[in-house]
Amino acid sequence: HSLKARITLLTLVIFLISIWSLAFYADRELRRDIRDLLGRQQFSAVFLLATEINEDLSTRVRALEQVASEFNAVMDARRSEALKALLHEQVVLNLFNGGAFFTNLDAQVVASVPIEYKSQELQQSEFKEVQDAIVEGKTMIGMPIMDKSLGTPVVRIATPIRDDAGRVHGALVGVINLAAPNFLDKFQKNQYAESGAYLLVDARNRIIVTSSDKPRQLEVLPPQGVNETMDRYIQGYEGVEVFTNPKGVEVMAAVSH
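Residues numbered from 1 in each chain as written. Predicted model: local features only at pLDDT ≥ 70, side-chain atom pairs only at ≥ 80, totals over all residues. Heavy atoms only, no water.

Peer 1: Can you help me understand the overall build of the protein chain in this one?
Peer 2: Within the protein chain, the secondary structure is distributed over five helices and 10 strands. In terms of overall size, the protein chain is more extended than a compact globule, its C-alpha atoms giving a radius of gyration of 27 Å where 257 residues would be expected to give roughly 18 Å. Seen through its C-alpha atoms, the protein chain measures out along the principal axes to roughly 110 × 35 × 30 Å. In the protein chain, which comprises 257 residues, the proportion classed as buried is 40%. Within the protein chain, contacts between residues separated by at least 24 positions form 50% of all contacts whose residues are at least 6 apart in sequence. As displayed, the protein chain offers around 15200 Å² of accessible surface, 57% of which is attributable to carbon and sulfur atoms. Positive and negative side-chain charges of the protein chain, numbering 27 and 32 respectively, have mean locations separated by a distance of 6 Å. (Helix = DSSP H or I, 4+ residues; strand = E, 2+ residues; numbered from the N terminus. Rg over C-alpha atoms; globule rule 2.2 N^0.38 Å. Buried < 20%, exposed > 50% of the residue type's maximum accessible area, 1.4 Å probe, protein only. Contact = heavy atoms within 4.5 Å. Areas by Shrake-Rupley, 256 points an atom, 1.4 Å probe, with all protein chains shown as cover. Lys, Arg positive; Asp, Glu negative; His and termini not counted. Charge placed at Lys NZ, Arg CZ, Asp CG, Glu CD.)

Listed below in structure tokens is the structure:
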């Protein structure tokens with residue numbers, strides 16, 4: 001109870017509080033610095049991969065449009081076998097591992113390679129990108145769906161076929177089979193670090209096209225309003241954030257469109 005003991009005890013308490021405060025501050029700053037560093041590295045990796053995927057996709061769109069520009073309304077008068085032969089001759093269509101096919105103005109398959117598409121199996125909802133390409137007169141990329149003829153998930157790209165006067169007379173469609181080796185394999189076969197994963201998302205339809213976490217392929221994301229951060233990403237935001245994903249796990253996510 002002496003004054004000397006009290007001063008010593010007070011000094012020790014002040015010293016311990018200072019050390020604890022400094023440790024807390026250093027820990028918080030260190031965590032923030034590490035998070036910022038990891039975030040920048042993660043975004044750089046995602047940005048480079050997104051750029052590469054975008055270029056691969058653009059290459060396929062250009063190839064399809066180039067082939068379509070070589071055909072016109074004359075194809076309507078040709079037999080199915082002749083049209084198949086024309087498709088086989090187009091080497092650039094090898095970019096589509098699920099094959100390609102012609103449709104008429106009613107979005108019915110006229111000829112296809114390498115498999116035979118049966119028109120009666122094609123529901124309007126399944127061929128929406130073909131109908132949109134014909135109606136809007138421009139190339140359309142469809143949402144990922146299960147293809148009944150292939151029995152696998154696919155993404156289709158449809159581009160209109162015009163006559164010499166510029167009128168649309170059908171469509172040429174390229175099929176990307178997500179279950180077979182394709183240009184997204186570089187994406188699917190790699191995970192980020194030990195516990196991370198890459199997701200390729202169809203923002204318009206809120207569907208995971210493919211993922212290095214295989215079970216999440218074709219997973220439907222929560223509707224708008226459920227996850228504010230995810231909504232921001234889908235609406236066009238690019239960057240890095242820490243948030244709780246639909247599985248209830250806190251994650252650091254980097255997004256590039």
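Following the structure, the description resumes.
Peer 1: What is the right way to read the pattern of salt bridges from this model?
Peer 2: A side chain of one charge can pair with a side chain of the opposite charge when the charged atoms of the two come close. Tallying each qualifying case throughout the model produces 12 salt bridges. With its nearest N and O atoms 3.2 Å apart, the salt bridge here joins Arg167 to Asp163. A residue is classified by how much of its surface remains accessible, and Asp163, at 12% relative accessible area, is buried. Asp231 serves as the salt-bridge partner of Arg206, at 2.8 Å between the closest nitrogen and oxygen. Note that Arg206 is positioned in the loop between β7 (199-202) and β8 (207-211) and Asp231 in helix α5 (residues 228-234), a separation of 25 residues in sequence. By sharing partners, the salt bridges in this structure join Glu129, Asp147 and Arg156 into a single network. (Salt bridge = Lys/Arg side-chain N within 4 Å of Asp/Glu carboxyl O.)

Peer 1: Explanation requested: the side chain of Asn177 in the structure shown.
Peer 2: As for its position among the elements, Asn177 is in strand β6 (residues 168-177). Only 2.9 Å separates the side chain of Asn177 from the backbone nitrogen of Ala179, close enough to count as a polar contact. Not counting chain neighbours up to four residues away, the residues in contact with Asn177 comprise Asn97, Gly98, Leu150, Thr152, Pro153, Val154 and Asn182. (Polar contact = N/O pair within 3.5 Å; in protein donor to acceptor, adjacent residues only side chain to side chain.)

Peer 1: Could you clarify how one ought to interpret helix α2 (residues 80-89) in this entry?
Peer 2: Along an α-helix, a turn takes 3.6 residues, which lines up residues three or four apart on a common side. Within α2 the residues assigned to the buried category are Leu83, Lys84, Leu86 and Leu87. Buried residues of α2, seen end-on, are gathered within an arc of 155° and therefore sit on one face of the element. Set apart from the buried face of α2 by more than 90 degrees, the exposed residues are Glu81, His88 and Glu89. Of the surrounding elements, those touching the buried residues of α2 are β1 (100-103), β2 (109-113) and β6. (Arc of directions from axis to C-beta.)

Peer 1: How should I be thinking about the environment of Gly99 in this particular structure?
Peer 2: Mapped onto the elements, Gly99 comes out in the loop between α2 and β1. Gly99 gets classed as buried once you look at its relative accessible area, which sits at 8%. Taking the C-alpha atoms as reference points, Gly99 and Glu116, separated by 17 residues in sequence, lie 10.0 Å from one another. Filtering out sequence-adjacent residues up to four positions away, Gly99 remains in contact with Val113, Pro114, Val173, Gly174 and Val175.

Peer 1: In this structure, what is going on with the pairing of β7? I would like to understand it.
Peer 2: The two faces of a sheet get side chains in turn, since along a regular strand they alternate between them. Here β7 pairs with β8 via four bridges, running antiparallel. In the sheet register, Leu199 faces β8, and the bridge partner there is Ser211. (Pairing = 2+ DSSP bridges.)

Peer 1: Would you mind going over the environment of Leu172 with me for this structure?
Peer 2: Within the secondary structure, Leu172 sits in strand β6. A residue is classified by how much of its surface remains accessible, and Leu172, at 0% relative accessible area, is buried. Between the C-alpha atoms of Leu172 and Ala100, which are 72 residues apart in sequence, the distance is 7.3 Å. Filtering out sequence-adjacent residues up to four positions away, Leu172 remains in contact with Leu64, Val67, Ala68, Leu87, Phe101, Phe102, Ile157, Ala158, Thr159 and Ile161.

Peer 1: Where do I start with the nonpolar core in this structure?
Peer 2: Nonpolar side chains in soluble globular proteins tend to be buried together. Judged by nonpolar contacts, the single largest core of 28 residues is most densely connected at Leu93, Phe102 and Leu172. Elements with a contribution of two residues or more to this core: α1 (3-69), α2, β1, β2, β5 (152-162) and β6. Among the elements that line this core, the one with the most residues is α1, at seven residues. In this structure, Val109, Ile134, Met140 and Val168 belong to the second largest nonpolar core, which totals 15 residues. (Core = buried A, V, L, I, M, F, W, Y, C linked by side-chain atoms within 4.5 Å.)

Peer 1: Any chance you could explain the packing of aromatic side chains here in plain terms?
Peer 2: Summed over all chains, the structure comprises four aromatic pairs. An angle of 15° between the planes, with centres 5.7 Å apart, marks the rings of Trp20 and Phe24 as stacked. Of the two residues, Trp20 and Phe24 are both situated in helix α1; the distance of four residues between them amounts to about one turn of the helix. Linked through ring pairs, Tyr233, Tyr237 and Phe243 together constitute an aromatic cluster. Looking at Arg232, its charged tip hangs above the ring of Tyr237, at a distance of 5.7 Å from the centre. (Phe/Tyr/Trp six-rings, centres within 6.5 Å; stacked < 30°, edge-to-face > 60°. Lys NZ or Arg CZ within 6 Å of the ring centre and 35° of its normal.)

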